[in-house]
Every structure is written in C-alpha cells, then in structure tokens.
Amino acid sequence: MTTFHRLSTLKAIALGAALSMTAGFALAADGSISADQIVNALRAKSPSRGLSAAPQADPSTSAKEIGFVEQMRNRKTRSLSLNEREEIAEIASARPKIDLEIRFDYNSAEISKTSLPAVRELGKALSNPDIKGSTFVVAGHTDAIGGEEYNQGLSERRADSIKRYLTENYGIASADLVTVGYGKSKPKDPSVPTDPINRRVQVVNMDSKTASN
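On a predicted model such as this, the values are computed, not experimentally measured, just so you know. (Residues numbered from 1 in each chain as written. Predicted model: local features only at pLDDT ≥ 70, side-chain atom pairs only at ≥ 80, totals over all residues. Heavy atoms only, no water.)

**Notes on the packing of aromatic side chains**
So the rule is basically this: Here a Phe, Tyr or Trp ring, Trp counted by its six-membered ring, pairs with any other such ring whose centre lies within 6.5 Å, and the pair is stacked when the planes are under 30 degrees apart, edge-to-face when over 60, and tilted otherwise. For each residue, the accessible area found with a 1.4 Å probe, counting protein chains only, is set against the maximum for its type, and the residue is called buried under 20%, exposed over 50%, and partly exposed in between.
All chains considered together, the criterion is met by one aromatic pair. Residues Y165 and Y170 carry aromatic rings whose centres are separated by 6.5 Å and whose planes lie at 40° to one another, so their mutual orientation is tilted. Under the relative-accessibility criterion, Y170 is labelled partly exposed at 26%.

As structure tokens, then:
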C-alpha cells in the first residue's frame, strides 16, 4: 500500500470515528455497523432531567415543520426545489441522524457490493418497532468531481437507489422515505471535496416524538 493510500485510509477511519461519537454509537473495529446501532442513533431521545429545563420549541414553528415534512411525503426527488432542499436540511439539523458510509461506484448510483451489508442493517433498523412508521429523510451526496448539475442529479439517483432497495427488500412504506439530493454542496470532508468519502448517504428521523425509555 502506498503512503498516499495509507494516509487516505487513516483519514477515513478518523472521520468515521468522529461521526460515530456525535451520532451516539461506536463502530466495530472493521467499520461495520449493526441495526441496533442505527436504531439508537435514529431514535428520538427524551430530554434529560436536570436542574433547569431545556427551552421548548415554539409550537407554531413545530407545527409548521410538521406540516412541511408531511408535504414532502410522496414527492419525487427531482421535484424538490432548492429552497425545499435547504429547508429539509435546516429541519434535519436538529433531528436524530446517522451518516452512513454507503459507498457508490464512481460516476454511478449503483450501491457498491461492500456497502450492501450496511444497507441491509439500515433496512432492519427502519423495520424496528421503535422507529418504524417515522418519516425518514434519505439524503444523497457526491464528491466534487464534475459539474454541479450533473452531481445534483447523481445524488438524487443515489438517494433513490437506497429508497428502492429498502421498499423492495424490507417493505418500508414509500411515503415514509423522503429522498433528497445535495450534489457536491455539502461534503463530509470539505478540506478534500474530491475524496470518495464524500459519496455517502445520510439518514434522518424527521419525527419529533420521543421514544419511551
């Protein structure tokens, strides 16, 4: 293995570890992930009890967000406007999420064979009674190679590939999966936008209801 490849591998491992800590789970030594880990990351948590209560969201804002998410159900990926994609991203920023290393072949929306185990674990997780029936955003991302318009379309096709796999193989309701593409606009590693690590899928639980613990 060359020094360059060795450094790239170490960088990918380090980024994966950082993301796993923020998502609230730990990856196995080989980088694999289980359905239980995905469920734990996507399950909405009850507020922790402390001396002071966390500020409550404005009910009107929450109602607006719920209404917006409901409108996105059953929408075709390519029908979303830029403003709608950005609003999804804004709402998703405060929701339980997981950034999965679902890799795609270069210039392709085909799920790589090495990533199929992760997609299968995702299917098992979204079938779990704890979170089944929630509305999930499946966001596709590309690296920075190529033009914006092409990468936008590619990211949308990648999100659609995941949705199709989940609905066909795990019976996940199509309306429960809102697919969105962000092209190369939101790289996982902005310092190296052409790195393959940026070709991934993020899954977000858009429901605000908390889990019973």
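Having seen it, we continue.
**Describing the packing of helix 5 (residues 116-126) against helix 6 (residues 148-170)**
To keep things clear, this is the line we draw: Angles here are taken between N-to-C directions and fall from 0 to 180 degrees, while the axes themselves are lines fitted to C-alpha atoms, restricted in helices to the stretch in contact. Every helix listed is a DSSP run of H or I at least four residues long, and every strand listed is a run of E at least two residues long, numbered separately from the N terminus. Note that the term roughly parallel is reserved for angles under 35 degrees, roughly antiparallel for angles over 145, roughly perpendicular for angles of 65 to 115, and oblique for everything else. Should the near helix be turned anticlockwise from the far one by less than a right angle, the crossing is left-handed, and should it be turned clockwise, the crossing is right-handed. Here, residues are in contact when the closest pair of their heavy atoms is within 4.5 Å.
Across the interface, helix 5 lies against helix 6 with an axial gap of 10 Å and an inter-helix angle of 60°. As the angle between them shows, helix 5 and helix 6 are arranged oblique. Seen from above, helix 5 lies across helix 6 with right-handed handedness. Facing helix 5, whose interface residues are L116, V119, R120, L122, G123, K124 and L126, helix 6 presents I162, Y165, L166 and Y170.

**Examining the pairing of strand 4 (residues 201-205)**
Going by this rule: Note on pairing: DSSP must find at least two bridges between two strands before they are called paired.
Counted residue by residue, strand 4 has five buried out of five residues, so it is predominantly covered. What you see with strand 4 is no split at all: V201, V203 and N205 on one side and Q202 and V204 on the other are buried throughout. In the sheet, strand 2 (residues 136-140) pairs with strand 4 via five bridges, with the strands oriented antiparallel. Note on strand 4: the bridge partner recorded for A139 is Q202.

**A closer look at the confidence of the model for the protein chain**
How we decide: Scored from 0 to 100, pLDDT reflects the predictor's confidence in each residue.
Residues of the protein chain with pLDDT of at least 70 account for 75%, and the chain-wide mean is 80. Across the protein chain, element-level confidence peaks in strand 3 (residues 177-181) with a mean pLDDT of 97 and bottoms out in helix 1 (residues 3-23) with 37. Confidence drops under pLDDT 50 across residues 2-30; counting only partners more than four residues distant or on other chains, this segment forms 23 contacts. Between residues 47-56, whose pLDDT stays under 50, and residues either more than four places distant or in other chains, the model counts one contact.

**Topic: the pattern of salt bridges**
Selection criterion: The salt bridge definition used is simple: a Lys or Arg side-chain nitrogen within 4 Å of an Asp or Glu carboxyl oxygen.
Across all of its chains, the model carries 10 salt bridges by this definition. Here E65 makes a salt bridge to R95, at a shortest N to O gap of 3.0 Å. Placement of the pair is E65 in helix 3 (residues 59-72) and R95 in the loop between helix 4 (82-92) and strand 1 (97-100), with a sequence separation of 30 residues. Overall, E65 belongs to the partly exposed group, its relative accessible area being 22%. Overall, R95 belongs to the buried group, its relative accessible area being 15%.

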